[in-house]
Amino acid sequence: MTQIQQSEPIVYQGQFGEFTITQSDRTGVIIYRAGLMVAALSFALGTWLLLSQSATPTILNALTLLYACFCVALGVSLATIHIYMVQLHRGLQIFWAVGVLASVVLAVQSGEPLALTVYHHPLTILGIGFTFAALTGIYFKEAFCFNRLETKVLTPLVPLLLLGHLFGFLPMEMKPILLLIWAIFFLVFAVRKTMQAIPADIGDKSVFEYLKQKRSVQA
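Computed from a predicted structure; not experimentally measured. (Residues numbered from 1 in each chain as written. Predicted model: local features only at pLDDT ≥ 70, side-chain atom pairs only at ≥ 80, totals over all residues. Heavy atoms only, no water.)

1. Notes on the overall build of the protein
Alright, step 1. Across its full length, the protein carries nine helices and two strands.
Alright, step 2. Along the chain direction, N to C, the helices and strands of the protein fall in the order β-β-α-α-α-α-α-α-α-α-α.
Alright, step 3. Taken along the three principal axes of its C-alpha coordinates, the protein extends 65 × 50 × 30 Å.
Alright, step 4. Taking all 219 residues of the protein together, 40% fall into the buried category.
Alright, step 5. Residue pairs in contact within the protein that sit at least 24 positions apart in sequence constitute 73% of those at least 6 positions apart.
Alright, step 6. Carbon and sulfur atoms form 69% of the exposed surface of the protein, whose accessible area is close to 12,500 Å².
Alright, step 7. Separation between the mean location of the 13 positive side-chain charges and that of the 10 negative ones in the protein comes to 2 Å. (Helix = DSSP H or I, 4+ residues; strand = E, 2+ residues; numbered from the N terminus. Buried < 20%, exposed > 50% of the residue type's maximum accessible area, 1.4 Å probe, protein only. Contact = heavy atoms within 4.5 Å. Areas by Shrake-Rupley, 256 points an atom, 1.4 Å probe, with all protein chains shown as cover. Lys, Arg positive; Asp, Glu negative; His and termini not counted. Charge placed at Lys NZ, Arg CZ, Asp CG, Glu CD.)

Below you can see the structure in the form of structure tokens.
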């Protein structure tokens, strides 16, 4: 009888000891990357509709639906991302929650589609902008960990565009250009993540365990 031998898990040497990567770890990374891909596709499609189509009620309602899809996908990624600092991880999740809550309030209370509300009332960035601050946190983390060109561009570009709209210092003709760059680079980032080795996104699990034990001692 032919016996099927299970391959032994790879043992990695971390900063604070050895560790292995489980199937659960790999699944988490796949979900994280899938969330990024859905968010990037939703954002890209919304950008294309905004820049190439007339602002009809159908298009504006579609933008709201795409934004909702973007928010859900981003939330999934933030739930499964591996970040050593728990405070930073929780902070990004709180930012996302504040931004989503503000978006829901604006969508419900405003008498016009969400995209028009944000366009006509730049102060709404003080609420809805938290969602994109959370996304920028992911860009920053990826730029810091993997030195990717697209995330190094996106990290300053997103706050520049949002603050430019909020305070009105960006020329009107610059906004669609920056938005298009954002959409393209976001897609590039999401696609390149699918090609990256999974262990890279998991990181050094011995660091997570060390920090967990340190928190337990301090508690």
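2. Notes on the environment of His89
Alright, step 1. Looking at the secondary structure, you find His89 in helix H3 (residues 86-109).
Alright, step 2. Its relative accessible area of 10% is what places His89 among the buried residues.
Alright, step 3. Taking the C-alpha atoms as reference points, His89 and Thr27, separated by 62 residues in sequence, lie 19 Å from one another.
Alright, step 4. In contact with His89, not counting residues within four places along its chain, are Leu78, Ile81 and Ile83.

3. Regarding the pairing of strand E1 (residues 11-14)
Alright, step 1. Where E1 lies against strand E2 (residues 17-20), four bridges are found, and the strand directions are antiparallel. Across the sheet, the residue bridging to Gly14 is Gly17, located in E2.
Alright, step 2. Here E1 folds back onto E2 in antiparallel fashion, the turn holding two residues. (Pairing = 2+ DSSP bridges.)

4. Here's the deal with the packing of helix H5 (residues 125-146) against helix H7 (residues 174-194)
Helix packing for two helices is described by the angle between their axes and how far apart those axes are.
Alright, step 1. With their axes 13 Å apart at the nearest point, H5 and H7 run at an angle of 55° to one another. Taken together, the axes of H5 and H7 are oblique relative to one another. With respect to the hand of their crossing, H5 and H7 are arranged in left-handed fashion. Between H5 and H7, the residues in contact are Phe132, Leu135, Ile138, Tyr139, Glu142 and Phe146 and Trp182, Phe186, Phe189 and Lys193, respectively. (Axes fitted to C-alpha atoms, helices over the stretch in contact; angles between N-to-C directions. Parallel < 35°, antiparallel > 145°, perpendicular 65-115°, else oblique. Left-handed = near helix turned anticlockwise from the far one by under 90°.)

5. Focus: the packing of helix H2 (residues 57-80) against H5
Alright, step 1. Contact geometry of H2 with H5 gives a least axis separation of 11 Å together with a crossing angle of 45°. Of the possible angle classes, the one that applies to H2 and H5 is oblique. The element H2 and its partner H5 pack so that their crossing is left-handed. When H2 is examined against H5, the residues Tyr67, Phe70, Cys71, Leu74 and Leu78 are found in contact with a partner set consisting of Ile128, Thr131, Phe132, Ala134, Leu135 and Ile138.
Alright, step 2. Taken together, the residues of the contact of H2 with H5 sort by class into 10 nonpolar, one polar and no charged. (Nonpolar A, V, L, I, M, F, W, Y, C, P; charged D, E, K, R; others polar.)

6. Description of the pattern of salt bridges
Alright, step 1. According to the stated counting rule, one finds six salt bridges in the structure shown.
Alright, step 2. Taking the shortest distance from any N to any O, the salt bridge between Lys141 and Glu142 comes out at 3.8 Å.
Alright, step 3. Look at Lys141 and you get buried, because its relative accessible area is 11%.
Alright, step 4. Its relative accessible area of 0% is what places Glu142 among the buried residues.
Alright, step 5. With a closest N to O distance of 2.9 Å, Glu150 and Arg192 form a salt bridge. In this pair, Glu150 is assigned in helix H6 (residues 149-167) and Arg192 in helix H7, connecting sequence segments 42 residues apart.
Alright, step 6. On the basis of relative accessibility, which here comes to 3%, the residue Glu150 falls in the buried class.
Alright, step 7. Residue classification places Arg192 among the partly exposed residues on the basis of a relative accessible area of 35%.
Alright, step 8. Residues joined in a network through salt bridges with shared partners are Arg33, Lys141, Glu142, Lys193 and Asp201. (Salt bridge = Lys/Arg side-chain N within 4 Å of Asp/Glu carboxyl O.)

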